[in-house]
Amino acid sequence: MKKRISRNDVIFLVILLTATAGVLVAYERTVTRADAGASASVRVTVDGSVYGTYALGEEQEIPIVQDGVTTNVLTIRDGKADMTEADCPDKLCVHQKAISKNHEMIVCLPNKVVVEVTGSEDNGFDSIAR
Ligand SMILES: [Zn+2]
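## What to know about the sheet that holds strand β3 (residues 60–66)
Spatially, β3-β4-β5 is the arrangement adopted by the three strands of the open sheet, whose pairing is antiparallel. Looking at which strands have only one partner, the edges of the open sheet turn out to be β3 and β5 (80–86). Neighbour-to-neighbour, the strand axes of this sheet turn through a mean angle of 25°, independent of strand direction. Where β3 meets strand β4 (residues 69–77), seven bridges bridge the pair, whose relative direction is antiparallel. Among the inter-strand pairings, Ile62 is bridged to a residue of β4, identified as Leu74.

Here it is, written out as structure tokens:
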């Protein structure tokens with residue numbers, strides 16, 4: 001015996017499939033946005049105290065000034081933060097790769113400058129990873 005599929009069943013199925021697809025698309029968008037680092041920012045600390053927090057989604061040049069002298073220049077471009085200038089003797093920070101992922105860091109030991117990628121305040125990454 002064949003079970004008859006009623007018109008209502010078909011409509012229900014279509015709605016269900018559409019809803020599932022919608023959730024998947026929304027999920028994918030969230031993941032993509034997180035990957036692009038649009039909600040991420042970098043926190044600059046100098047000698048252990050917070051110098052400033054800057055959005056990775058915004059192209060900008062941040063001069064890090066200590067005692068009236070610009071010791072480092074951090075450049076944010078294409079969603080990545082890169083130390084482009086420094087007056088430290090080793091220039092290790094300048095040679096470090098640009099950072100964009102949560103908790104990646106650029107450290108300038110001689111100038112006591114630390115640049116760290118942080119997620120947005122409300123995504124809870126900080127509490128998980130620490
Ligand atoms: Zn350095």
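Okay, back to it.
## What about the pairing of β5?
Looking at chain direction, β4 and β5 are connected through six bridges and run antiparallel. When the sheet's bridge partners are listed, Leu74 is paired in β5 with Met83. Joining the antiparallel neighbours β4 and β5 is a turn of two residues, in which Asp78 adopts a positive phi near 55°.

## With respect to a nonpolar patch on the surface
Side chains of Phe12, Leu13, Leu16 and Leu17 sit close together on the surface and give an oily, nonpolar patch of about 430 Å² of accessible area. With respect to the helices and strands, Leu16 occurs in helix α1 (residues 7–36). The partly exposed category is assigned to Leu16, whose relative accessible area is 44%.

## Examining the pattern of salt bridges
Tallied over the entire structure, the rule returns one salt bridge. A salt bridge links Arg43 to Glu116; the nearest nitrogen and oxygen atoms lie 3.4 Å apart. A residue pair is termed long-range when its members are at least 10 positions apart, and Arg43 in strand β1 (residues 41–46) and Glu116 in strand β7 (residues 113–118) qualify at 73 residues. Exposure remark for Arg43: the relative accessible area of 23% places this residue in the partly exposed category.

## Some remarks on the sheet that holds β1
Reading across the sheet, the four strands line up as β2-β1-β7-β6 and stay open at both edges, with antiparallel pairing between neighbours. Single-partner strands in this sheet number two, and they are β2 (49–55) and β6 (105–108). If you compare each strand with its neighbour and ignore which way they point, the axes differ by 15° on average. The sheet contact formed by β1 and β7 spans six bridges and is antiparallel. Bridge assignment links Val42 to a residue of β7, and that residue is Val117.

## A look at the environment of Ser100
Here Ser100 is to be found in the loop between α2 (92–95) and β6. Expressed as a C-alpha distance, the spacing of Ser100 and Ser41, which sit 59 residues apart in the sequence, is 8.5 Å. The residues contacting Ser100, other than those within four sequence positions of it, are Leu56, Gly79, Lys80 and Val117.

## Section: the nonpolar core
Buried together is how nonpolar side chains tend to be arranged in soluble globular proteins. In this structure, Val42, Leu74, Val113 and Val115 are the most contacted members of the largest nonpolar core, which totals 21 residues. Mapped onto this core, the elements with two or more residues apiece are β1, β3, β4, β5, β6 and β7. Beyond its immediate stretch of four places on either side in the chain, Leu74 contacts Val42, Val44, Gln60, Glu61, Ile62, Ile64, Ala81, Asp82, Met83 and Val115.

Analysis parameters
Residues numbered from 1 in each chain as written. Predicted model: local features only at pLDDT ≥ 70, side-chain atom pairs only at ≥ 80, totals over all residues. Heavy atoms only, no water. Pairing = 2+ DSSP bridges. Helix = DSSP H or I, 4+ residues; strand = E, 2+ residues; numbered from the N terminus. Axes fitted to C-alpha atoms, helices over the stretch in contact; angles between N-to-C directions. Patch = residues over 30% accessible without salt bridge, like charges linked within 9 Å, V, L, I, M, F, W, Y side chains within 5 Å. Areas by Shrake-Rupley, 256 points an atom, 1.4 Å probe, with all protein chains shown as cover. Salt bridge = Lys/Arg side-chain N within 4 Å of Asp/Glu carboxyl O. Buried < 20%, exposed > 50% of the residue type's maximum accessible area, 1.4 Å probe, protein only. Contact = heavy atoms within 4.5 Å. Core = buried A, V, L, I, M, F, W, Y, C linked by side-chain atoms within 4.5 Å.

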